[in-house]
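# Observations on chain architecture
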Amino acid sequence: MAERVRPLQVALLGCGVVGSQVARLMTTHAADLAARIGAPVELAGVAVRRPDKVREGVDPELVTTDAAGLVSRGDIDVVVEMIGGIEPARSLIQAAFANGASVVTANKALLAKDGPLLYAAAEKHGADLYFEAAVAGAIPLLRPLRESLAGDKVNRVLGIVNGTTNFILDRMESSGAGYGEALSEATALGYAEADPTADVEGFDAAAKAAILAGIAFHTRVHLDEVHREGVTEVTAADIACARDMGRTVKLLAICERAEDGRSVTARVHPAMIPLSHPLASVRGAYNAVFVEAEAAGRLMFYGPGAGGVPTASAVLGDLVATCRNRVGGGRAPGESAYARLPVSPMGEVVTRYHISLDVVDKPGVLAQCAMVFADHGVSIDSVRQTGKDGEASLIVVTHRAPDAALASTVAALRRLDTVHGVVSIMRVEGE
Ligand code: HSE
């Protein structure tokens, strides 16, 4: 008679929006998961902060407030960390590795800050660390970068990786609403959290950019090395200016290898992109990421970047992968940071600016403005001037130049007496 296969034991830490869906899918898909893995998978315990809350589909007997006790029980094969934040998640993950378990997490903030520490702990204990759900929710993106593109050279990753801010910008675009009004709508519909800081100030997207850049370029990129600007300063005027010029505004995460290949950059900021660009049609809370690789060319990944059920799909995929490794032997790819490329500051990023100004309408003003660009070594791509009640509205789009030169140009323009107002300043991407 065949020997009965020992069920794999899974400890779930956190049972919120994503964790509860992980528990539900583990139960409803139990037979399929067992067949795909080659062994049954059991929920050994669910660590929560509020044990009295009713959690549909979760056996109350499994619920505990003792997360540390659960991960160090000795019989746990996989710890699924769905708590988020730095502590206690970091200590619990380290304890999981020390106790021989593998880890699946969606914790982007922790990975962007302490990824190398976690990789080292996994390596030391011969365990797996999977985190597909940390970037772009349900969209398979990290595994394609780590595995499918492992033989190629990725030069650029550009995308919309935060659904909340994409929803806000989309509403501003479609309804003409200001930022505050669009944020209120996002909150009312449950897209934005009560404290929306992590999303609207770009922290969430910056953590994702750090993870993406690290994997894409085989180099370490820390959260602090990602230039970050959120959407709180985007105005209805910016959106209107973009629309006038056949563009739209998106919050982009952009990770690039420098042209000489000797350094990389990672940044998150609002940018104008042409309406014809595929990212322009990414609406609502969806995410989409372009990957440009030397041999593969341009690849686009698109889908739901947030939400309990979609994100749980990515977690379950990781759970199956690590359980298969436990059953059949082998390990997840570890950290690949051999390239050790330096991360350049924002000032060295080569980009383009859209600049809309209200200026005095008299002879020499256009020449005076043009001279400011020339003085900073910035070449102008296009200029559009329209009359407006004794003033002129001037829209300049530059050629590519280092961000530091573009920023100095804007500062000098602001100082001109003939410039009455700065209507909109934004980087232009995707052209
Ligand atoms: N809050 C994120 C978003 C999802 O709005 O896309 C989790 O990273």
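Residues numbered from 1 in each chain as written. Predicted model: local features only at pLDDT ≥ 70, side-chain atom pairs only at ≥ 80, totals over all residues. Heavy atoms only, no water.

### Concerning the overall build of the protein chain
- The secondary structure content of the protein chain amounts to 14 helices and 17 strands.
- Over its C-alpha trace the protein chain gives a radius of gyration of 24 Å, about what one expects of a compact globule, namely 22 Å for 431 residues.
- Burial analysis of the protein chain (431 residues in total) assigns 53% to the buried set.
- Once local pairs closer than 6 in sequence are excluded, the contacts in the protein chain between residues at least 24 apart make up 73%.
- Entry remark: accessible area of the protein chain is about 18,500 Å², with carbon and sulfur atoms responsible for 51%. (Helix = DSSP H or I, 4+ residues; strand = E, 2+ residues; numbered from the N terminus. Rg over C-alpha atoms; globule rule 2.2 N^0.38 Å. Buried < 20%, exposed > 50% of the residue type's maximum accessible area, 1.4 Å probe, protein only. Contact = heavy atoms within 4.5 Å. Areas by Shrake-Rupley, 256 points an atom, 1.4 Å probe, with all protein chains shown as cover.)

### Notes on the site of the ligand
- Neighbouring residues of the ligand: Lys108, Asn162, Gly163, Thr164, Asp199, Asp204, Lys208 and Ala306.
- Side-chain polar atom of Thr164 to an oxygen atom of the ligand: 2.5 Å apart, as the coordinates give it.
- Out of a free accessible area of 260 Å², the ligand has 82% covered by protein chains.
- Elements that contribute at least two residues to the shell around the ligand include exactly helix H7 (163-175) and helix H10 (203-217). (Near = heavy atom within 4 Å. Polar contact = N/O pair within 3.5 Å; in protein donor to acceptor, adjacent residues only side chain to side chain.)

### Digging into the environment of Thr351
- Here Thr351 is to be found in strand S13 (residues 350-360).
- Excluding its chain neighbours within four sequence positions, the residues that come into contact with Thr351 are Arg267, His399, Arg400, Ala401, Asp403, Leu406, Arg427, Val428 and Glu429.
- Reaching out from Thr351, the side chain makes a polar contact with the side chain of Glu429 at a distance of 2.8 Å.

### Overview of the sheet that holds strand S2 (residues 41-47)
- Across the sheet, which stays open at both edges, the six strands sit in the order S3-S2-S1-S4-S5-S6 with parallel pairing between neighbours. Taken across any chain shown, the strands that pair with only one partner, and hence form the sheet edges, are strand S3 (63-64) and strand S6 (129-130).
- Judged from the six bridges that link them, strand S1 (residues 8-13) and S2 form a sheet pairing that is parallel. Across the sheet, residue Ala11 finds its bridge partner in S2, namely Gly45. (Pairing = 2+ DSSP bridges.)

### Points about the side chain of Glu429
- In this fold, Glu429 is placed in the segment after strand S17 (419-428).
- A polar side-chain atom of Glu429 sits 2.9 Å from a polar atom in the side chain of Arg267.
- Glu429 has contacts with Arg156, Leu252, Ile254, Arg267, His269, Ala271, Met272, Ile273, Pro274 and Thr351, leaving out every residue within four places of it along the chain.

### Here's the deal with a nonpolar patch on the surface
- The grouping of Tyr286, Met300 and Tyr302 at the surface amounts to a nonpolar patch, some 300 Å² of accessible area in total.
- Within the fold, Tyr286 resides in strand S11 (residues 286-293). (Patch = residues over 30% accessible without salt bridge, like charges linked within 9 Å, V, L, I, M, F, W, Y side chains within 5 Å. Salt bridge = Lys/Arg side-chain N within 4 Å of Asp/Glu carboxyl O.)

### Here we look at the side chain of Asn287
- Its location among the elements puts Asn287 in strand S11.
- Among residues more than four places away in sequence, those in contact with Asn287 are Ala136, Ile139, Ile160, Val161, Asn162, Gly163, Val282, Phe301, Tyr302, Gly303 and Gly305.

### Remarks on the environment of Arg331
- Assignment of secondary structure puts Arg331 in the loop between helix H12 (308-328) and S13.
- A relative accessible area of 36% places Arg331 in the partly exposed class.
- Considering only alpha carbons, one finds Arg331 and Val397, 66 residues apart in sequence, at a separation of 50 Å.
- Those residues within four positions of Arg331 in sequence are excluded, and the remaining contacts are Ala122, Glu123, Gly126, Ala127, Asp128 and Asn325.

### Focus: the domain arrangement of the protein chain
- Under the domain assignment used here, the protein chain contains domain 1 (8-137 + 309-328), domain 2 (142-305) and domain 3 (347-428).
- Relative to domain 3, the C-alpha centre of domain 2 lies at a distance of 25 Å.
- The interface of domain 2 with domain 3 comprises 18 residues on the first partner and 15 residues on the second.
- Both sides of the domain 2 and domain 3 interface together cover about 1,300 Å² of buried area, and 59% of this is carbon and sulfur.
- Of all residues in domain 2, the largest losses of buried area upon contact with domain 3 belong to Cys241, Met245 and Met272, amounting jointly to 37% of the total for that side.
- Our count for the domain 2 to domain 3 interface comes out at three salt bridges.
- Between Glu259 and Arg400 there is a salt bridge whose closest N-O contact spans 3.1 Å.
- Counting across the domain 2 and domain 3 interface gives four residue pairs in polar contact (both at pLDDT 80 or more).
- Breaking the side of domain 2 that touches domain 3 down by element, the ones donating at least two residues are helix H11 (236-244), strand S9 (247-257) and strand S10 (264-274). (Domains from an automatic or database assignment. Buried area = accessible area lost by both parts, 1.4 Å probe.)

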